[in-house]
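Summary of the model geometry
Residue-level listing of the chains:
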Amino acid sequence: MASYTVAYEKSKSFFEAYERKAELQHQTHYCPGCGHGIVHKLIANAIDELGIQDRTILITPVGCSVFAYYYFDTGNIQSAHGRAAAVATAVKRARPDSIVLSYQGDGDLAAIGSAEILHAANRGEGITVIFINNAIYGMTGGQVAPTTLLGQKTTTTPFGRSEWNEGYPLKVAELLASLEAPVYIERVGLGNNKQIMQAGRAVRRAIENQVRGLGFSLVEVLSPCPTIWKLDPVDAQRRVREEMPKTFPLGVFRDRTKEAAARPRPPAPPPIAEIPRILSVANGLPRTKAESQRSTIQVDLRVKIAGFGGQGVLMLGEVLAEAGLDAGLEVSWLPSYGPEMRSGTSNCHVRLASRPIDSPLVSRPNALLALNEPSLDKFLTSVEAGGWVLYNGAALPDGCARADVHTISENFTQLADELGDSRAGNMVMLGALLEATGMLSGDSIRTALERLVKSQRWLEIDRQALGRGREVARRGGFHAS
Amino acid sequence: MRKQLTKGNEAIVKSAILAGCRTFYGYPITPASEIAEAAALYMPQAGGVFLQAESEVAAINMLYGAAAAGVRCMTASSGPGISLMQEGISYLAGAELPCVIADIMRGGPGLGNIAPEQGDYHQVVKGGGHGNYRTIVLAPDSVQEMAGLTALAFDLADEYRNPVVVLADGYIGQMMEPVEFPPASAPRPAPGWAVQGTAEARRNLITSIYLEPDGLEAHVRKLDAKYRQAEEREVRAEAWRTEDAEIVLVGYGIVARVLKAVVEQARACGLAVGLLRPITLYPFPSGELQRLSRRARMFLVVELSNGQLWEDVRLAVEGRTPVELYTRVGGNVPSAEEVLAVLWGKARPLAEREELVHG
Ligand code: SF4
């Protein structure tokens, strides 16, 4: 048997036979003279040299190279057209020790995926992007790409690319190099062996950066597509060498590989036992006394609270609901939401009940807290007979009186102002409601306030406001014994 | 354990983290933004990832990457954002990747408004992206269910390797109710199929391409078999006072809550009314509706969309029983009194007809 030395062999990062391919499993699906095969080889060599085959995850979106997983014996994720940079972002963040390569063509990266690549680069994601620029859509049969040269004829620019119709060729390397975050950006070509050697060095460097934990690296590769260009492989390579660099100059556009700091590693996660505390979910806390001794009185309070934004409408409702919960009642709180909260009117629906609450929407309130006149106008007629109407005004406006409801009319805002802050008008009103209806114990209200109000100063004002409200109700002769 | 007054949108995030999810990618939109905001607050503290993406398109593809890498992940949006995510959802279903998507519906079409609506029913329940796929759709009607169904969504997503949508409306997202949260579970280990950048996982491939027609047909059949299995095993619905119901109301989400009040009021007026509330919108509780149609003399579907749910109820009932429809859209939610009046209007002719027949 003759002995021989292997001088050159297929990269280990390629499969021996391409079994994921339906036929011709010993060769690639690329056309003769296509640049993809060359770049695949450069990538596979770099993976071998860096010893990262197990760690590598290759992401290939739509384009001629979508089948790269036929060849690369690494982790493979095929993704949607243009979205590889977004997919790569999440893969790298989920698996920080993996080496994530996003392999994208010019239609994919520079057209439909331009937002995703821009933002991934701008965030400095710790990924490596190999960008194949052949100035055309190959897979779909030769349509214009953002990188198509001016004057170049394609199936969708049959008269040649015009700066007035399709605009100028998009210079991705230059564009991304204007961002702060990228670590390394270089444009290389496959125009001759010398250029290919340089491309190999750039690809390796871009991957090595990631192995070192650095941020975003991208290599743009000017690459021949003889089939669509309708040139033989030799002429196609000549075009890459002689014509394309006039629009897409070769060179390094960003290189911070020496000085860049490694991206910070995610901190160790907290122990699982800590999670409830982090989320402030009260797992394991005992029920409060009131909660465990469910109230035996039958309660069905349906409250509508309405006023201007900034009058504390939602907060009033929240304190009421929180206190109801503390008292062992079923509760619900439902706000109006959206722009109307920023200006104009605001309202919320609160229910406190002994029985499970069906609808949290209050359409027939038995208590209306109207913090302004428009709210009174809007909701007064909906109040159930025998219900309560608390109005924030010295007297009910003309024509607003209803004989079949209890009414407390008082300038609550002014009373709060006397206590030191007009914004506590909502709590004065709540105090009056509680006193009049005899609904909740002082304990429950205090507990609710302590849960919701963090500032000591406000806690004090709110307590006084509640007390003032109770006085108002008593003075008006409303006192549920 | 103590119940806590919690906002619907916040309950989703807390429940997701307690279920071992540590990855959230999203994009702000009213009325779902609090979900992203809560995730931004809690995910990093829990050792997880939160990122506000450049668009919903990017966000859903980030889920694709995270799910491919084997971690539990979620996003949240509302109508217009969900429209943008549909392509990605199709890829996720095609590549059999689990994830959870919360849709807090608002008014549409187009910019519509931010008030509660249920107009996303078709685009979510029928699978709004391209190709032959379904998403499992869960419809909470309370804040407790926002928490509970989010946890269930993660389990179903893993079990079926498919996106699961928690479909709620603006009110369920914005309202507060007491919630009891479950204990925290640790993030589950990555499934064997995930691409993880390790020696063991090196041969794994995530893809939705099947170039050969026979290959794609086999893949679609396999997905179909999963959906049939879900239809057999995962249907959930709440039957509320339906035992003796002659009129069955059908509605989900906030509408179901209003309808419970309608049931009480109608029964107080002597009408034998019940409610069937689908909890899973896909798989749809067709069997339960068929069963009820044997006794019921009328169904009344109430929805915040223009008859989208109604179509599924009619398909289920197959013409055996009249299926009436009452809708409000644009952000209006009917009051119980309003629905009761409609119910009276529809029940009277029915009663009169019955008398003619029996008389
Ligand atoms: S069409 Fe062009 S890019 Fe695609 S495989 Fe053929 S030569 Fe390569």
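Everything here concerns the structure above.
Residues numbered from 1 in each chain as written. Chains lettered and ligands numbered in written order. Predicted model: local features only at pLDDT ≥ 70, side-chain atom pairs only at ≥ 80, totals over all residues. Heavy atoms only, no water.

Quick look at the overall build of chain A
Scanning chain A from terminus to terminus reveals 18 helices and 13 strands. The globule rule puts the C-alpha radius of gyration for 481 residues at 23 Å, and the 35 Å found for chain A is more than 25% above it. For chain A, the residues scored as buried account for 55% of the 481 residues in total. A fraction of 65% describes how many contacts in chain A between residues 6 or more apart in sequence connect residues 24 or more apart. In the form shown here, chain A has an accessible surface area of approximately 20,600 Å², with 53% of it arising from carbon and sulfur atoms. Taking the average place of the 52 positive charges on the side chains of chain A and the average place of its 50 negative ones, the gap between the two points comes to 4 Å. (Helix = DSSP H or I, 4+ residues; strand = E, 2+ residues; numbered from the N terminus. Rg over C-alpha atoms; globule rule 2.2 N^0.38 Å. Buried < 20%, exposed > 50% of the residue type's maximum accessible area, 1.4 Å probe, protein only. Contact = heavy atoms within 4.5 Å. Areas by Shrake-Rupley, 256 points an atom, 1.4 Å probe, with all protein chains shown as cover. Lys, Arg positive; Asp, Glu negative; His and termini not counted. Charge placed at Lys NZ, Arg CZ, Asp CG, Glu CD.)

Comments concerning the overall build of chain B
A tally of regular secondary structure across chain B gives 12 helices and 16 strands. Here the C-alpha radius of gyration of chain B, 21 Å, is about what a compact globule of 359 residues would show, namely 21 Å. Relative to its 359 residues, chain B shows a buried fraction of 63%. For chain B, contacts bridging at least 24 residues in sequence account for 79% of all contacts bridging at least 6. Side-chain charges in chain B split into 34 positive and 42 negative, and the spacing between the mean points of these groups amounts to 3 Å.

Here we look at the interface of chain B and chain A
Tallying the contact residues gives 77 residues for chain B and 73 residues for chain A. Buried surface at the junction of chain B and chain A, both sides included, amounts to about 6,100 Å², of which 63% is carbon and sulfur. Between chain B and chain A we count five salt bridges in total. Here chain B is connected to chain A by 20 residue pairs in polar contact (both at pLDDT 80 or more). For the side of chain B that touches chain A, the element with the most residues is helix α3 (residues 56-68) of chain B, which contributes eight residues. Grouping the constituent residues of the side of chain B that touches chain A by class yields 45 nonpolar, 17 polar and 15 charged. Here two bridges tie strand β2 (residues 75-78) of chain A to strand β10 (residues 205-206) of chain B, and the two strands are oriented parallel to one another. Within β10(B), the residue paired with Ile77(A) across the bridge is Ile206(B). (Buried area = accessible area lost by both parts, 1.4 Å probe. Salt bridge = Lys/Arg side-chain N within 4 Å of Asp/Glu carboxyl O. Polar contact = N/O pair within 3.5 Å; in protein donor to acceptor, adjacent residues only side chain to side chain. Nonpolar A, V, L, I, M, F, W, Y, C, P; charged D, E, K, R; others polar. Pairing = 2+ DSSP bridges.)

Quick look at the packing of aromatic side chains
Residue and element names in this part refer to chain B. This structure, assessed with the given rule, holds nine aromatic pairs over all chains. Measuring from ring centre to ring centre gives 5.9 Å for tyrosine 121 and tyrosine 252, while their planes differ by 45°; the resulting arrangement is tilted. Here tyrosine 252 lies in the loop between β12 (247-250) and α9 (254-268) and tyrosine 121 lies in helix α5 (residues 121-125), a separation of 131 residues in the sequence. Across this residue pair, the class does not change: tyrosine 121 and tyrosine 252 are buried. Over the ring of tryptophan 240 we find lysine 260, and its NZ or CZ is 4.6 Å from the ring centre. Just above the ring of tryptophan 310 sits the side chain of arginine 314; from NZ or CZ to the centre is 3.8 Å. (Phe/Tyr/Trp six-rings, centres within 6.5 Å; stacked < 30°, edge-to-face > 60°. Lys NZ or Arg CZ within 6 Å of the ring centre and 35° of its normal.)

Here we look at the sheet that holds strand β16 (residues 323-327) of chain B
Strand pairing in a sheet is mediated by backbone hydrogen bonds. Such pairs are either parallel or antiparallel. Residue and element names in this part refer to chain B. In space, the five strands of this open sheet follow the order β11-β13-β12-β15-β16, with mixed pairing throughout. Here the strands that pair on one side only, and so sit at the sheet edges, are β11 (237-240) and β16. Neighbour-to-neighbour, the strand axes of this sheet turn through a mean angle of 20°, independent of strand direction. Of the strand pairs in this sheet, β11 and strand β13 (residues 273-278) are connected by four bridges, and their pairing is antiparallel. Residue pairing for β13: alanine 239 is matched across the bridge by leucine 276. Against the sheet, helix α11 (residues 308-317) engages β12, β15 (298-303) and β16, with an angle of about 155° to β15. (Axes fitted to C-alpha atoms, helices over the stretch in contact; angles between N-to-C directions.)

Describing the site of the ligand
All names here are of chain A. With respect to spatial proximity, the complete set of residues near the ligand consists of Tyr30, Cys31, Cys34, His36, Cys64, Asn134, Cys225, Pro226, Thr227 and Ile228. The element best represented in the shell around the ligand is helix α7 (residues 226-229), accounting for three residues. Its residues assigned to classes, the shell around the ligand shows seven nonpolar, three polar and no charged. (Near = heavy atom within 4 Å.)

Quick look at helix α8 (residues 213-233) of chain B
Residue and element names in this part refer to chain B. Under the 1.5 Å per step criterion, the end-to-end length of α8 is 30 Å for 21 residues, consistent within 8% with the ideal 30 Å. Listed as buried for α8 are His219, Val220, Leu223, Lys226, Tyr227 and Ala230. Seen along its axis, α8 keeps its buried residues to an arc of 110°; they face one direction. Of the residues in α8, the exposed ones pointing more than 90 degrees away from the buried face are Pro213, Asp214, Arg221 and Glu232. Its buried side turned inward, α8 meets α4 (79-94), β7 (136-138), α6 (143-160) and β14 (280-282). (Expected span 1.5 Å × (residues − 1). Arc of directions from axis to C-beta.)

Things to note about empty space enclosed by the protein
All names here are of chain B. Scanning the model with the defined rule gives three cavities of 30 Å³ or more in all. By volume, the largest cavity amounts to about 40 Å³. Around the largest cavity, the lining residues are Ile82, Gln86, Ile89, Ile101, Gln123, Val124, Gly127, Gly128, Tyr133, Thr135 and Val165. The set of elements that each furnish at least two residues to the lining of the largest cavity consists of α4 and α5. (1 Å grid on protein atoms, 1.4 Å probe; cavity = no way out; pocket = protein on both sides within 12 Å on 5 of 7 lines; lining within 4 Å. Points joined across faces, edges and corners; volume = space filled by probe spheres on them.)

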